[in-house]
Amino acid sequence: MADAAFHIVDVSKRYGPRWALARLTFSLERGKSLLLTGHNGSGKTTLLKILATAMSPTLGKLTVLGHDCHEGREPIREKVGLLSHASFLYEDLTAAQNLVVLARLIGMTDGEADATADAMLTRVGLAKRRDHPVRQFSAGMRKRLAVGRLLLKRPELALLDEPFGELDPQGIGEMEKLIAELAAQGTTLVLATHLVDQGKALTTERLHLEEGRRVEARA
Amino acid sequence: MTPAETVAQAPAVTTARPVRPGLFACTVILLRKDLLLEWRTRARLNALVFFGICTLLMFSFALGANAMALREHASGYFWLAILFASVLSLSESFRVEQENHSLDGLRLAPANGRAIFLAKAIGNTVLLWGLGAVLAPLSIAVFDLRVVMSLFTLAFIMLVGSMAISAAGTFYASIASNARARDVLLPILLFPVLVPVLIAAVKATTMVFEGDPMNQMESWLTLLGSLNVIYWGLGLVLFPRIIEDL
Amino acid sequence: MPSWVPLVLLLVPVGICLALPFKRDLLDKVWLVLAAEAVFGIGVGTYLALFSVPPERDMGEVVRIFAAHVPQVQNALLAVVLNFGCSLWFLIRKSWVADSLAESSAEVGLYLGAVGTALGAIWAKPTWGVYWTWDPRLTSAAVMLIYYAGYLALRRFTDNPDTRATWSAALGTFGIVIPVTVYKSVVWMKSMHQVQSSPETVYPQLVTAFRFSAIGFLCLMIVFIYQRYRIAQEQLKREVAPPEALGAPQGAA
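Given the structure is predicted, the values throughout are model-derived calculations rather than measurements. (Residues numbered from 1 in each chain as written. Chains lettered and ligands numbered in written order. Predicted model: local features only at pLDDT ≥ 70, side-chain atom pairs only at ≥ 80, totals over all residues. Heavy atoms only, no water.)

(A) Highlighting the pairing of strand E7 (residues 157–161) of chain A. Residue and element names in this part refer to chain A. Burial runs high along E7: 5 of the 5 residues are buried. Burial of E7 is two-sided: the residues Leu157, Leu159 and Asp161 facing one way and the residues Ala158 and Leu160 facing the other way are all buried. As defined by bridge partners, strand E6 (residues 80–83) adjoins E7 across 4 bridges and the pair is classed as parallel. Bridge assignment links Gly81 to a residue of E7, and that residue is Ala158. Two strands pair when backbone bridges link them, and E7 and strand E8 (residues 188–192) are joined in this way by 5 bridges, in the parallel orientation. Bridge pairing in E8 links Ala158 to Leu189. The parallel pair E7 and E8 is bridged by helix H6 (residues 169–184), and the resulting crossover is right-handed. (Buried < 20%, exposed > 50% of the residue type's maximum accessible area, 1.4 Å probe, protein only. Helix = DSSP H or I, 4+ residues; strand = E, 2+ residues; numbered from the N terminus. Pairing = 2+ DSSP bridges. Right-handed = clockwise from strand over helix to strand, strands pointing away.)

Structure, rendered in structure tokens:
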């Protein structure tokens with residue numbers, strides 16, 4: 001199991017009277033990339049949140065990057081990056097400050113954090129907006145900054161929830177390039193998206209969910 | 001997102017990770033972030049101070065212009081003004097975390113849950129203490145109080161009182177900020193547990209202005225101290241459970 | 001009648017509560033016994049308090065209300081402590097039994113506390129001349145009711161049962177500060193309320209009636225909590241999808 005990026009057995013998640021994930025068993029090798037598809041409410045986001053240990057499964061076992069989630073979540077969180085619907089950004093901090101807080105939390109010194117934040121802002125094309133508060137950002141710019149936040153952690157497993165959402169065609173192209181680079185660097189990817197064509201081009205594996213269960217994709 | 005910079009970046013997976021900060025260092029980082037947030041939204045901070053002043057002055061209207069009664073109960077009004085303002089500052093400090101689910105971002109970073117609690121509670125303590133530092137001279141002036149004991153004692157009472165309010169308040173605000181009807185829920189949950197704090201802080205503050213003939217100051221400060229131990233202890237144990245497992 | 005006689009009745013509820021951890025479904029059968037004892041205890045206590053106890057020297061006729069007021073407040077505090085215990089139990093091992101029991105005890109405690117406080121106010125009017133004195137025990141008891149009303153409100157405002165259980169367990173654990181406040185507030189504020197409401201200090205002639213009534217209310221509380229607990233469990237069955245709904249394990253893919 002050591003070479004599995006994640007391995008889940010019988011994982012189920014309950015929201016009150018409804019099971020969002022029902023006895024899902026799956027595993028993904030390190031370095032592979034997975035396309036996660038399904039309709040709204042099929043359990044994609046729930047699965048990503050569980051893999052990121054943002055929430056715990058109601059039932060079932062979960063091993064991410066060799067760590068059992070019941071034995072402590074912090075080792076998993078160190079190595080997993082989640083690009084979620086919510087951007088995790090502080091509206092009243094500037095773009096740079098948002099990145100610096102995260103950089104310091106993962107153990108960089110003040111100097112390193114500043115330098116890394118600047119490099120990352122250049123990389124996602126927000127260098128000119130370095131000192132603008134996030135409140136003034138458009139949806140697309142927030143998405144870029146959120147991606148910068150993800151890249152800054154240099155995750156071994158990157159979980160991308162609708163990375164193309166709220167982006168213009170040019171932004172989608174850039175995002176595709178970026179995901180391809182991540183995969184080329186050896187990062188394991190899980191990509192949940194409705195844009196199946198773009199997703200297929202970027203990934204090697206496929207998992208299609210319907211009502212929290214695995215089904216064979218029709219298309 | 002230019003490819004040229006990407007190549008310059010070190011390969012993602014192989015490099016050694018920096019050592020994550022411990023509880024203390026993590027608290028310092030988060031506290032700096034919280035204070036920075038407060039500073040960048042200092043217009044809201046000003047509004048909080050004026051809210052406190054406004055509350056203080058409103059008591060004179062509620063009681064009528066009875067200088068004797070106002071002077072007698074001045075420390076009570078002072079602490080009530082801080083208590084009411086604390087509800088605003090506490091719910092605000094969690095609203096900024098809810099806006100883009102930043103709190104989730106913090107715990108996935110990963111930041112220690114206890115460090116998040118400590119940073120929030122210390123940040124609110126600083127805020128309330130600062131508010132007290134503005135309101136105390138004002139109260140002394142408008143209620144015509146005589147400071148019998150040292151101002152240092154008053155500052156110390158304000159500190160332990162603010163600490164107790166902030167510890168319990170951070171705990172309850174973290175729950176209330178997630179629930180519907182959060183604005184009503186926070187005070188009805190928070191004020192009942194703060195009753196002993198209010199009693200002890202008001203009694204101790206009164207002695208600063210009226211003297212302590214029966215030597216009771218020490219027992220009130222002991223009570224405030226033990227309440228602090230209880231609130232900070234319960235907060236440290238329970239807070240990580242609240243923000244996880246959602 | 002010697003005043004120890006009603007204490008014999010205490011054997012039934014205490015025995016049942018001690019046996020409960022070993023035989024979980026015990027109350028399904030014997031709750032009627034407890035209900036009967038509640039009717040008997042409260043009935044005899046009320047009868048004795050109203051008809052056989054002579055009026056007290058200072059307080060006169062109103063002293064009789066003590067046989068209802070004190071037991072209810074005591075049992076309300078007991079229910080709140082039970083809520084604390086169940087909250088801790090839930091936090092340590094995620095048990096739905098603990099969650100339902102915590103909710104039931106908070107609700108029953110709130111009811112008993114509200115009625116007990118109202119009876120206290122009725123007693124206070126002829127004795128102290130006012131319904132409400134700013135007596136710290138009275139006030140802190142009222143504040144306690146507000147806290148548990150807030151506790152129940154939070155439960156209503158939270159839709160996800162798992163989240164609701166964790167949050168309210170945290171509230172119940174932190175809430176232990178409040179009954180302690182109620183208990184200690186008298187010392188802190190030096191009030192005119194009796195420091196300790198033991199029957200002897202109140203009025204010796206009332207002791208027998210008081211004990212009958214107290215044990216009756218104890219049984220009543222257990223019956224109420226048990227019935228409320230059953231309702232809570234039924235609600236949970238509707239709100240929480242059981243694992244059986246998932247069907248058989250899917251083959252490892």
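(B) How the structure looks around the sheet that holds strand E3 (residues 33–37) of chain A. Residues and elements named next belong to chain A. Taken in spatial order, the 6 strands make up an open sheet running E6-E7-E8-E3-E9-E10, and their pairing is mixed. In this open sheet, the two strands that pair with only one neighbour each are E6 and strand E10 (213–215). Adjacent strand axes in the sheet meet at a mean angle of 25° when their direction is disregarded. Where helix H1 (residues 44–51) meets the sheet, its contacts fall on E3, E6, E7, E8 and strand E9 (205–210), and the angle it forms with E7 comes to roughly 155°. Contacts from H6 reach E7 and E8, with the element oriented near 150° to E8. (Axes fitted to C-alpha atoms, helices over the stretch in contact; angles between N-to-C directions. Contact = heavy atoms within 4.5 Å.)

(C) Geometry of the interface of chain C and chain B. Counting residues at the interface gives 26 residues for chain C, matched by 28 residues for chain B. Regarding the contact of chain C and chain B, the summed buried area is about 2,500 Å², with carbon and sulfur atoms giving 79% of it. Considering only the side of chain C, the residues that lose the most area to chain B are C:Trp167, C:Phe174 and C:Trp188, jointly responsible for 30% of the buried surface there. Connecting chain C to chain B are 2 residue pairs in polar contact (both at pLDDT 80 or more). Where the side of chain C that touches chain B is concerned, the elements lending two or more residues are helix H6 (136–157), helix H7 (161–174) and helix H8 (177–189) of chain C. (Buried area = accessible area lost by both parts, 1.4 Å probe. Polar contact = N/O pair within 3.5 Å; in protein donor to acceptor, adjacent residues only side chain to side chain.)

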